[in-house]
Amino acid sequence: MKTNSTNRFYDRGDLPIKVDHQSATSKIEWKISPEQLDYHHYLPIFFDGLREKVDPYRFLAIMGTYEMLEAGGTKVLPVIPQLIIPIKSKSFFEI
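A. Structural context of the environment of Asp 20. Its location among the elements puts Asp 20 in strand S1 (residues 17–20). Remark: the alpha-carbon pair of Asp 20 and Val 54, spanning 34 residues in sequence, is separated by 17 Å. Setting aside residues up to four positions removed in sequence, Asp 20 forms contacts with Thr 25, Ser 26, Lys 27, Ile 28 and Glu 29. Only 3.0 Å separates the side chain of Asp 20 from the backbone nitrogen of Gln 22, close enough to count as a polar contact.

Have a look at this one:
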C-alpha cells in the first residue's frame, strides 16, 4: 500500500494530534489548538490524508481537516493552491 504524508508524519509523531479513545465515540485531541497551527504546513498534510482508507490515518485526516477548516478563518484561503495538488492526483478519487 502506498503511504501518504499523513501516515509518515503521524507515525513519526510530527502531527500535533492524537486519537482520544476515552469517550464513547473517538475524537481527536490537539496538542496545540488548530488556530495556532501553521496552516501552510499542516492543512495540506491532513488534506492529503483524505484519500487514506485505513484508520487511524483516515479518521485523523478527516477530523484534522474538518477542525482546521472550521477554526482557520482567514488562514485557509491562502492555502487553497496547495490543496489543489492532492485533488489533481488520480489516487485522490479512487475508491
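On we go from here.
B. Structural context of the pattern of salt bridges. Under the definition given, this model contains four salt bridges. Ionic pairing is found between Glu 29 and Lys 18, a salt bridge with its closest N-O pair at 3.8 Å. Of this pair, Glu 29 sits in strand S2 (residues 27–30) while Lys 18 sits in strand S1, and the two are eleven residues apart along the sequence. For Glu 29, a relative accessible area of 36% gives the class partly exposed. We classify Lys 18 as partly exposed; its relative accessible area is 40%.

C. Spotlight on the environment of Asn 7. Among the secondary structure elements, Asn 7 is positioned in helix H1 (residues 5–12). Given a relative accessible area of 6%, Asn 7 falls into the buried group. With 50 residues separating them along the chain, Asn 7 and Tyr 57 place their C-alpha atoms 6.1 Å apart. Dropping the residues within four chain positions of it, Asn 7 is found in contact with Glu 52 and Tyr 57.

D. View of the side chain of Thr 65. Take Thr 65: it is sitting in helix H3 (residues 57–72). Classification of Thr 65 as buried rests on a relative accessible area of 4%.

E. A look at the packing of helix H2 (residues 39–48) against helix H4 (residues 80–88). Here H2 crosses H4 at 20°, and the two axes come no closer than 9 Å. Between H2 and H4, the angle is such that the two are roughly parallel. Two packed elements cross with a definite hand, and for H2 against H4 that hand is right-handed. Contacts from His 40, Leu 43, Pro 44, Phe 47 and Asp 48 of H2 reach H4 at Gln 82, Leu 83, Pro 86 and Ile 87. Taken together, the residues of the contact of H2 with H4 break down into six nonpolar, two polar and one charged.

Reading the values: rules and limits
Residues numbered from 1 in each chain as written. Predicted model: local features only at pLDDT ≥ 70, side-chain atom pairs only at ≥ 80, totals over all residues. Heavy atoms only, no water. Helix = DSSP H or I, 4+ residues; strand = E, 2+ residues; numbered from the N terminus. Contact = heavy atoms within 4.5 Å. Polar contact = N/O pair within 3.5 Å; in protein donor to acceptor, adjacent residues only side chain to side chain. Salt bridge = Lys/Arg side-chain N within 4 Å of Asp/Glu carboxyl O. Buried < 20%, exposed > 50% of the residue type's maximum accessible area, 1.4 Å probe, protein only. Axes fitted to C-alpha atoms, helices over the stretch in contact; angles between N-to-C directions. Parallel < 35°, antiparallel > 145°, perpendicular 65-115°, else oblique. Left-handed = near helix turned anticlockwise from the far one by under 90°. Nonpolar A, V, L, I, M, F, W, Y, C, P; charged D, E, K, R; others polar.

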